[in-house]
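Below, each chain spelled out in residue letters.
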Amino acid sequence: MAAMNENRSSVTTEELHAYADGRLPPERAELVEAYLLDHPARAAEVEDYRRINRALGEAFDSVLDEPLPAAQVALVQNRPRRLAAPFMAAAAGLLLGIGLTWSVQTLGSGPPTALGQLSETSAAAYTVFAPEVRHPVEVRAAEAGHLSAWLSNRMGMSFRIPRLGDLGFELVGGRLMIGDHSPAALLMYENADGRRLVLYVRNDLTQRGDSAPVYTRARDTGVVSWISGETGYGLAGGFSEGELLPAARLVQAQLSS
Amino acid sequence: MLIAEIPHLRRFARSLARDPDAADDLVQSCLERALSRFHLWRPERRLRPWLFTMLRNLHVDTVRHRSTARAGEQRSAEVVPLTQRAGQEDSVTARRVLDAIDRLPVEQRDAVLMVCVNDLTYGEAAEVLGVPPGTLMSRLHRARTKLREQLGLAEDAPSLRQVK
């Protein structure tokens, strides 16, 4: 008890600021909390610091959700290749850290193609995320506006969420994914029977191209993938070609209009 | 990687420059400078403080071109008449806090914006400002003490603290 009182009295002004800013390690934060219970004047100060922080958050945090100016995105995306190397190295470290190293298997023979990779990643994403009961997505469909703004910001594109209601699929939500070296997106849809499909979108293809929807089947997952410019799409689920192709066309029609 | 930093750079620039177009010009210049000096960035360093340091230096360069007297005039012209009640709930609006911050000495203003608007660690914030961490903390303390006074929080009678 004596030791604890000693600790309480040794709370510094710096620690009060760090506490107000949420930058104290939990064990110190507990001590500061106990100290503040005994010192209402200091507690009032800390509360004022926090109100000021909240006011500043109100003033500036909305900037984070604004669409990025095209000039800034263009500048960063058109950077010369040699400058990209350190970014790639850092991104590769990130990939290892998360442990999402999908093997890129070739479909059939020959070198891996952009379409093959898209198809493989989309199928893997379906296998990993579609069975999730509690955490199928990071952002739920109820916050579709935020989801769209968030993905737009992270991917540096105007990200529109396609509607598949005509085919009986409603949006569950979405999550951030990884392309080759930059953010990508995954949207999940579900029909009345609880069957799910996912749409994987990445916009960091190294070679521009245009390729019509192609159906492949990997294990039990059907995938339709296609490429438009630098953006690749993969629509995956436990469905046949006859079920997936119309959905792919519906997505294409909405994203190109 | 770099693109993911843009939203944070834009928020930081907005807190420094306030005017959205001026802020985006700053971000654009900062990105150009970052790309041209990318060979100087060491991957073991976090990207954000490095970018923030460049953006802040650009801002300081821009501001230096204006005379301080003029900046003072503009600032006082921007102060909104206090038509709001002086009650506790209304006293900490974003507008009033920003006005109060703009009346702080520039080192204190920098310290408070660097810590309260961005999610840098204290160490990184000190690095961006080019001061030792202890200096950052004492500036932050003086800034917040003054802000409480200016916002009418410091000498409040307990009854005014009650939420009505």
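What counts and what doesn't
Residues numbered from 1 in each chain as written. Chains lettered and ligands numbered in written order. Predicted model: local features only at pLDDT ≥ 70, side-chain atom pairs only at ≥ 80, totals over all residues. Heavy atoms only, no water. Helix = DSSP H or I, 4+ residues; strand = E, 2+ residues; numbered from the N terminus. Buried < 20%, exposed > 50% of the residue type's maximum accessible area, 1.4 Å probe, protein only. Areas by Shrake-Rupley, 256 points an atom, 1.4 Å probe, with all protein chains shown as cover. Core = buried A, V, L, I, M, F, W, Y, C linked by side-chain atoms within 4.5 Å. Contact = heavy atoms within 4.5 Å. Pairing = 2+ DSSP bridges. Axes fitted to C-alpha atoms, helices over the stretch in contact; angles between N-to-C directions. Buried area = accessible area lost by both parts, 1.4 Å probe. Salt bridge = Lys/Arg side-chain N within 4 Å of Asp/Glu carboxyl O. pLDDT = per-residue confidence, 0-100. Phe/Tyr/Trp six-rings, centres within 6.5 Å; stacked < 30°, edge-to-face > 60°.

(A) Fine view of the overall build of chain A. Along the backbone of chain A there are 9 helices and 7 strands. Relative to its 257 residues, chain A shows a buried fraction of 45%. A total of about 12800 Å² of accessible surface is found on chain A, and carbon and sulfur atoms cover 53% of it.

(B) Looking closely at unusual backbone geometry. Even without glycine at this site, arginine 18 of chain B takes up a positive phi of about 70 degrees. Relative to the helices and strands, arginine 18 of chain B resides in the loop between helix H1 (2-17) and helix H2 (20-36).

(C) Focus on the nonpolar core. Leu56 of chain A together with Leu55 and Leu136 of chain B are the most contacted members of the largest nonpolar core, which totals 69 residues. In this view, leucine 136 of chain B contacts Ala111, Val115, Tyr122, Ala125, Ala126, Leu129 and Val131 of chain B; residues no more than four positions away in its chain are not counted. Leu147, Leu199, Trp226 and Leu245 of chain A belong to the second largest nonpolar core, which has 23 residues in total.

(D) The sheet that holds strand E5 (residues 209-218) of chain A, seen in detail. Residues and elements named next belong to chain A. Strands sit in the order E1-E2-E3-E4-E7-E6-E5 across an open sheet of 7 strands; the sheet is antiparallel. Because the sheet does not close on itself, it has two edges, and the strands there are strand E1 (139-140) and E5. Relative to strand E3 (residues 183-191), strand E2 (residues 169-178) runs antiparallel, the two sharing 9 bridges. Note on E3: the bridge partner recorded for phenylalanine 169 is asparagine 191. With respect to the sheet, helix H7 (residues 114-129) is in contact with E2, E3, strand E4 (196-202), E5, strand E6 (221-229) and strand E7 (231-237), its orientation differing from that of E6 by roughly 135 degrees. Contacts from helix H9 (residues 241-256) reach E4, E5, E6 and E7 within the one sheet, and its direction differs from that of E6 by about 25 degrees.

(E) Highlighting the interface of chain A and chain B. Contact residues are listed per partner, giving 40 residues for chain A and 47 residues for chain B. Between chain A and chain B the total buried area reaches about 4100 Å² when both faces are included, carbon and sulfur atoms providing 69% of it. At the surface where chain A touches chain B, the tally comes to 5 salt bridges. Across the salt bridge formed by arginine 14 of chain B and glutamate 66 of chain A, the nearest N and O atoms sit 3.0 Å from each other.

(F) The arrangement of the confidence of the model for chain B in detail. All names here are of chain B. Summarising the model, chain B shows a mean pLDDT of 80, and 75% of its residues fall at 70 or more. Per-element averaging of pLDDT across chain B places helix H4 (residues 68-78) at the bottom with 46 and helix H9 (residues 133-150) at the top with 95. Taken together, the stretch residues 67-88 has pLDDT below 50 and engages in 18 contacts with residues farther than four places along the chain or on a different chain. Every residue in residues 156-164 scores below 50 in pLDDT, and together they form 10 contacts with partners more than four places removed in sequence or on other chains.

(G) The packing of aromatic side chains, seen in detail. Counted by the stated rule, this structure contains 3 aromatic pairs over all chains. Between phenylalanine 169 of chain A and phenylalanine 239 of chain A the ring centres are 5.6 Å apart and the planes differ by 80 degrees, which places this aromatic pair in the edge-to-face class. Of this pair, phenylalanine 169 of chain A sits in strand E2 while phenylalanine 239 of chain A is found in the loop between E7 and H9, placing the two residues 70 residues apart along the sequence. The pair formed by phenylalanine 169 of chain A and phenylalanine 239 of chain A is uniform in burial state, with each residue classed as buried. With 4.5 Å between their ring centres and 15 degrees between their planes, phenylalanine 12 of chain B and phenylalanine 52 of chain B make a pair best called stacked. You can see phenylalanine 12 of chain B sitting in helix H1 and its partner phenylalanine 52 of chain B sitting in helix H3 (residues 47-64), a full 40 residues away along the chain. Judged on exposure class, the residue phenylalanine 12 of chain B and its partner phenylalanine 52 of chain B are both buried.

(H) View of the pairing of E5 of chain A. All names here are of chain A. As defined by bridge partners, E5 adjoins E6 across 8 bridges and the pair is classed as antiparallel. Looking across to E6, one finds that serine 211 is bridged to isoleucine 227. Connecting E5 to the antiparallel partner E6 that follows it, the hairpin turn spans 2 residues, and arginine 219 within it adopts a positive phi of roughly 50 degrees.

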